[in-house]
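One-letter residues, chain by chain:
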Amino acid sequence: MTEATAPPPLSRPALRGMLDCLNVPALGLGLTMVGFGAMAQDAGIALLPAMGTTAFVWGIAGQVALIEIHAGGGGIVALFVAVALANLRMLPMSVTGLSAVLGGKKLPFLGRVMLMQTMAISCWTQMMTRSDHVPNPQRLTYYLGFAATLISAGLIGTLVGHQLGRVVPQAVLTVTIFMTPLYLLLLISGARQWVNRLSVIFGILVGVGFYPVLGDWSVIAAGLLGGTLAFLSAPRLFPNSGDDA
């Protein structure tokens, strides 16, 4: 980003990050965690452990895996392996997101690890697609405001879902888990780069097409093949679109 195209400095980058999160991201993530809280309550997990799971696992796939293994009577090793494998998909996201968040700043290793613990998919998508208005030196402060608000929404959602799970049927509350994927789908559909839009389109086609053959493994196939096809085809389909390709 050159000086000519750099956005003007924000007066309060942390506050701006908080306000940007309080729009759709916090609502979508909060509703998703309402569903998780209801699942935790139904599985016999107390409120504080459920909220701790949200704070430290911080990935709905890993959280749901933990609930299912716990409900099935699995041991601590099975829980650890299931959560680790479910959240392994977030490693490339954390690596690419780190440079976008730091904006050229340097952090010690422990600081980077703690920072990436807060990196949810909603945070990554925000930094990749909606942070052009944030100057590089202010990106870390902006991100901290956004991430802190998102984590707060997740904890509140877990609390609400856990309490509602006592009086509302779990099947009703569990539907809210799909709110975050819906939000991400809408957000990526408006991305400037066509490779991002095509990855969603190809991912859906591959996932639906391979599901009768691969079952649950079609989710992995959708990510790998969908992203690869988008990466290879976007320059050919949109060769003259510049930043929009």
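Residues numbered from 1 in each chain as written. Predicted model: local features only at pLDDT ≥ 70, side-chain atom pairs only at ≥ 80, totals over all residues. Heavy atoms only, no water.

## So, helix α3 (residues 47-57)
Here comes step 1: Within α3, the full set of buried residues consists of A50, T53, T54 and V57. Taken end-on, α3 shows its buried residues confined to a sector of 100°, consistent with a single buried face. Residues of α3 that are exposed and angled more than 90 degrees away from the buried face: L48 and F56.
Here comes step 2: Next to the buried residues of α3 lie α2 (24-42), α4 (60-71), α5 (76-87), α7 (109-117) and α9 (139-164).
Here comes step 3: Following α3 by one or two positions, W58 adopts a phi angle in the positive range, close to 50°. (Buried < 20%, exposed > 50% of the residue type's maximum accessible area, 1.4 Å probe, protein only. Helix = DSSP H or I, 4+ residues; strand = E, 2+ residues; numbered from the N terminus. Arc of directions from axis to C-beta. Contact = heavy atoms within 4.5 Å.)

## Some remarks on the layout of surface pockets
Here comes step 1: Space inside the second largest pocket adds up to approximately 310 Å³.
Here comes step 2: The class makeup of the residues in the lining of the second largest pocket is 12 nonpolar, 3 polar and no charged. (1 Å grid on protein atoms, 1.4 Å probe; cavity = no way out; pocket = protein on both sides within 12 Å on 5 of 7 lines; lining within 4 Å. Points joined across faces, edges and corners; volume = space filled by probe spheres on them. Nonpolar A, V, L, I, M, F, W, Y, C, P; charged D, E, K, R; others polar.)

## A word on a nonpolar patch on the surface
Here comes step 1: Residues I76, V77, F80, V81, L85, L88, L91 and V95 make up a contiguous nonpolar surface patch of about 870 Å² in total accessible area.
Here comes step 2: Within the residue set of the nonpolar patch, elements represented by two or more residues are α5 and α6 (90-102).
Here comes step 3: Among the elements that take part in the nonpolar patch, α5 stands out by supplying 5 residues, more than any other.
Here comes step 4: Within the element layout of this structure, I76 appears in helix α5. (Patch = residues over 30% accessible without salt bridge, like charges linked within 9 Å, V, L, I, M, F, W, Y side chains within 5 Å. Areas by Shrake-Rupley, 256 points an atom, 1.4 Å probe, with all protein chains shown as cover. Salt bridge = Lys/Arg side-chain N within 4 Å of Asp/Glu carboxyl O.)

## Things to note about the packing of α2 against α3
Here comes step 1: Interhelical geometry of α2 versus α3 gives an angle of 140° and a closest axis separation of 10 Å. In terms of axis orientation, α2 runs oblique to α3. Seen along the crossing, α2 lies across α3 with a hand that is right-handed. Listed contacts from α3 to M33, F36 and A40 of α2 are A50, T53 and T54.
Here comes step 2: Considered class by class, the residues forming the contact of α2 with α3 number 4 nonpolar, 2 polar and no charged. (Axes fitted to C-alpha atoms, helices over the stretch in contact; angles between N-to-C directions. Parallel < 35°, antiparallel > 145°, perpendicular 65-115°, else oblique. Left-handed = near helix turned anticlockwise from the far one by under 90°.)

## Here's the deal with the nonpolar core
Here comes step 1: Of all hydrophobic cores here, the largest spans 36 residues; its most connected members are V101, L115, M119, C123, Y143 and L150.
Here comes step 2: Within the residue set of this core, elements represented by two or more residues are α2, α3, α4, α5, α6, α7, α8 (121-129) and α9.
Here comes step 3: Here this core takes 7 residues from α9, the largest share from any one element.
Here comes step 4: In this structure C123 touches T118, Y143, F146, A147 and L150, once residues within four positions along its chain are discounted. (Core = buried A, V, L, I, M, F, W, Y, C linked by side-chain atoms within 4.5 Å.)

## A few points about the environment of F56
Here comes step 1: You can see F56 is positioned in helix α3.
Here comes step 2: Along the chain, F56 and T118 lie 62 residues apart, while their C-alpha atoms are 8.8 Å from each other.

## Quick look at helix α12 (residues 194-214)
Here comes step 1: Along its 21 residues, α12 runs 28 Å from first to last C-alpha, staying within 8% of the 30 Å computed at 1.5 Å per residue.
Here comes step 2: Its axis deflected by about 25° at V208, α12 carries its strongest bend there, up to four residues before the proline P212.
Here comes step 3: Within α12 the residues assigned to the buried category are L198, V200, G203, V206 and G207.
Here comes step 4: The positive-phi residue at the C-terminal boundary of α12 is G215, with phi of around 65°. (Expected span 1.5 Å × (residues − 1). Bend = angle between axes of the 7 residues up to and from the residue.)

## Some details on the pattern of salt bridges
Here comes step 1: Taken as a whole, this structure holds 1 salt bridge when the rule is applied.
Here comes step 2: For D20, the salt bridge goes to R16, with nearest N and O atoms at 3.3 Å. Taken together, the residues span about one helical turn, with D20 and R16 both in helix α1 (residues 13-21) at a distance of 4 residues.
Here comes step 3: For D20, a relative accessible area of 19% corresponds to the buried category.
Here comes step 4: When its relative accessible area of 33% is taken as the criterion, R16 is described as partly exposed.

## Considerations on the state of the cysteines
Here comes step 1: Under the criterion given, the structure shown has 0 disulfides.
Here comes step 2: The structure places no disulfide on C21, whose sulfur is separated from the nearest cysteine sulfur, that of C123, by 6.8 Å.
Here comes step 3: The class for C123 is buried, based on a relative accessible area of 1%. (Disulfide = S-S within 2.5 Å.)

## Observations regarding unusual backbone geometry
Here comes step 1: Look at W58: it is not a glycine, yet its phi comes out positive at around 50°.
Here comes step 2: With respect to the helices and strands, W58 occurs in the loop between α3 and α4.
Here comes step 3: Residue W58 is classed as buried on the basis of its relative accessible area of 4%.

So, to be careful, I would describe these as geometric facts and stop short of saying anything about function.
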